[in-house]
Amino acid sequence: MGEKRKISLTVNGKRYEDEVEVRVTLADFIRGQLGLTGTHLGCEHGVCGACTILFDGRSARSCLMLAVQADGHELLTVEGIAPSPDELHPLQQAFHEHHGLQCGFCTPGILTTLIEFLRDNPDPTEREVRIAISGNLCRCTGYQNIVTATLAAAKKLQELGTRA
Amino acid sequence: MKPPPFSYHDPRSVTEVVELLGRLENAKLLAGGQSLMPMLNMRFVLPDHIIDLNRVEGLSYIRENDGALEIGAMTRQRDLEYSDVVRARWPIMHEALLQVGHRQTRNRGTIGGSLCHLDPAAELVSLAAGYDATVTVVGANGQREIAFGEFPVAYMTPAIEANELVTAVRFPQWKGRYGYAFIEFSRRHGDFAITSAAALIATNGGGKIARASVTIGGMGTAPVRARELEQAIVGQIPTKELFGDACESCRKIEAIDDVHAPANYRQHLAAVLSRRALEKAHARLAEASGQH
């Protein structure tokens, strides 16, 4: 076994302490050791965006970070987006209503990316949405319904007067 | 697609980093990780030691000092993108940053990492060349400064020793009114550019070009200044015809053939993009000067 380190971090509001091999990526740690398999791994070299999480509130590709780097930091994964187990986040609801996913593999990365994006830009144009998801590859939908869902979610969030 | 085994070090000061670099064999510095991590995952690199710079104090700052922009090596591309100072007085950097990867990679990627990785198509590398930036490097023998013209020594190889690290980079300011543009051509938004052009121009009281900087990225081993083009337009009245004729010299810049494009296509793009960048820079200069 390789060199190990103890780390403690907060994921979706819950505190975790664990020992991790230093070469393990944050994505593999989240999935394999924390059991939060909503974060998906597509390419494992920073191209597909499926493993996007929020690291201290900023979107990042968890396959391009080491788990040891998360020591002392706060993470949000797709499991932490919804306000409660019985309720979807308005962005998730919009994806459901507008058919913003088919197989769903890219969806966790797209949702986390858009949560940050809509916080920074609550009233985006279609073009801005397309640029925002340009780092996320989806092979099913052709993006159209993802964009439609995002614009609908932005509108809904503004009506509700809440931030993403 | 998993990193190979290595020992991990997370020093808190530049002094500790230098000490580790002096002591450890086959060590790699980890900055934002947007290039090194994919290389580790694919096992293109097999370091025995990773020295993580993310917990080193005092390497992340954006300061305007003595007519120059001083940027700490670990400053995230995102922080530069959102900096009011950068937007107000180095607007070409803002324009270039919007074309650097994606939000998710800019949130982690650092300026020091971009400069040291030295991809020939990297936007920030082009800007450092175009501005004649100065890189600050620290090693066992103390601190030294490297003019960016001497920074690239070969393909993706900066002029830093194995026991040194980049701590900062300084971009001088173009004073007075000037025009700017950063244009690149890539297949998809956020991809590395096949070719890019960064242009800065200033005119004198008589309306002639007093100063010009044009940098072409993605051609050869590193972004290059289009010196022949710069010399051809300085002292001239800026016109479409002047730019069109002068930019033809960019077809002579050495370029590589690769899977993305043949050399002659890159040379064609160099001529077209430099012309477009100069025209856009000139239009912005005219707008800033209140002429139309």
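Please read all numbers here as calculations on a predicted model, not as lab measurements.

Attention shifts here to the overall build of chain B. Along the backbone of chain B there are 11 helices and 14 strands. A compact globule built from 292 residues would reach a C-alpha radius of gyration of about 19 Å, and chain B, at 19 Å, matches this within 12%. The buried share of chain B, reckoned over its 292 residues, is 49%. Taking as baseline every contact in chain B between residues at least 6 positions apart, the subset at least 24 positions apart corresponds to 62%.

With that settled, consider the domain arrangement of chain B. The parts lose accessible area when they come together, and the size of an interface is often stated as this lost area. Residues and elements named next belong to chain B. For chain B, the assigned domains are domain 1 (1–48 + 60–173) and domain 2 (179–288). Here the C-alpha centroids of domain 1 and domain 2 sit 25 Å apart. On the side of domain 2, 19 residues touch domain 1, which itself brings 20 residues to the contact. Every element with two or more residues in the side of domain 1 that touches domain 2 is listed here: helix 5 (91–97), helix 8 (123–130) and strand 8 (152–154). Here the element with the most residues in the side of domain 1 that touches domain 2 is helix 8; it accounts for six residues. Grouping the constituent residues of the side of domain 1 that touches domain 2 by class yields 12 nonpolar, five polar and three charged.

Contacts between the two partners involve 25 residues from chain A, matched on the other side by 23 residues from chain B. When contributions to the side of chain A that touches chain B are tallied by element, the ones reaching two or more residues are strand 4 (58–61), helix 3 (107–120) and helix 4 (126–132) of chain A. Sorting elements by how many residues they give to the side of chain A that touches chain B places strand 4 of chain A first, with four residues. Grouping the amino acids of the side of chain A that touches chain B by side-chain chemistry returns nine nonpolar, 11 polar and five charged.

With that settled, consider helix 11 (residues 263–288) of chain B. Here helix 11 of chain B spans 37 Å end to end across 26 residues, near enough to the 38 Å set by a 1.5 Å rise per residue. The positive-phi residue at the C-terminal boundary of helix 11 of chain B is Gly 290 of chain B, with phi of around 75°.

Here we take up the sheet that holds strand 6 (residues 134–139) of chain B. Residues and elements named next belong to chain B. Taken together, the five strands give an open sheet; going across it, the order is 4-5-10-6-7, and neighbouring strands pair in antiparallel fashion. Only two strands of the sheet have a single neighbouring strand rather than two, namely strand 4 (62–65) and strand 7 (142–147). Sheet twist, expressed as the average angle between the axes of neighbouring strands with direction ignored, equals 25°. Relative to strand 10 (residues 165–172), strand 5 (residues 68–72) is paired through five bridges, and the arrangement is antiparallel. By the bridge assignment, Ala 68 is partnered in strand 10 with Pro 172.

Our focus in this paragraph is unusual backbone geometry. Residue and element names in this part refer to chain B. Despite not being glycine, Asn 26 has its phi angle at roughly 50°, a positive value. Position of Asn 26 among the secondary structure elements: in the loop between helix 1 (14–23) and strand 2 (27–30). Here the phi dihedral of Asp 66 falls at roughly 55°; this positive angle occurs in a residue that is not glycine. Within the secondary structure, Asp 66 sits in the loop between strand 4 and strand 5.

Two quantities define a packed helix pair, namely the angle between the axes and the distance from one axis to the other. All names here are of chain A. Look at helix 2 (residues 90–97) against helix 3: their axes get within 10 Å of each other, and the N-to-C directions meet at 130°. Our classification of the angle between helix 2 and helix 3 gives oblique. Between helix 2 and helix 3 lies a crossing whose hand is right-handed. Mapping the contact onto sequence places Leu 91, Gln 92 and Phe 95 in helix 2 and Thr 107, Leu 111, Leu 114 and Ile 115 in helix 3. Within the contact of helix 2 with helix 3, the residues separate by chemical class into five nonpolar, two polar and no charged.

Rules and cut-offs
Residue numbers run consecutively from 1 along every chain, following the written order of its sequence. Think of it this way: whatever chain is written first is A, whatever ligand is written first is 1, and the rest follow in order. Given that this is a predicted model, residues contribute local features only at a pLDDT of at least 70 and side-chain atom pairs are listed and counted only at 80 or more, while totals for whole chains, interfaces and linings are drawn from all residues. Each helix is a run of DSSP H or I of at least 4 residues and each strand a run of E of at least 2, with the numbering of both proceeding from the N terminus. The quantity called the radius of gyration is restricted to C-alpha atoms. Its globule counterpart is 2.2 Å times the number of residues to the power 0.38. Here exposure depends only on C-beta density: within 10 Å of a residue's C-beta, 20 or more other C-beta atoms make it buried, 12 or fewer make it exposed, and intermediate numbers make it partly exposed, the C-beta atoms being placed from the backbone. It is the C-beta atoms, placed from the backbone, that decide contacts: two residues are in contact if theirs lie within 7 Å. As annotated, the domain borders come from an automatic or database domain assignment. As a working rule, the residues Ala, Val, Leu, Ile, Met, Phe, Trp, Tyr, Cys and Pro are called nonpolar, Asp, Glu, Lys and Arg charged, and the rest polar, with Gly in that last group. To estimate how far a helix should extend, the number of its residues minus one is multiplied by 1.5 Å. We call two strands paired when DSSP finds no fewer than two bridges between them. Inter-axis angles, ranging from 0 to 180 degrees, are taken between N-to-C directions of lines fitted to C-alpha atoms, where helices are fitted over the stretch in contact. Note on terminology: angles under 35 degrees are roughly parallel, angles over 145 are roughly antiparallel, angles of 65 to 115 are roughly perpendicular, and the others are oblique. For any pair of crossing helices, the crossing counts as left-handed if the nearer helix is rotated counterclockwise from the farther one by less than a right angle, and right-handed if it is rotated clockwise.

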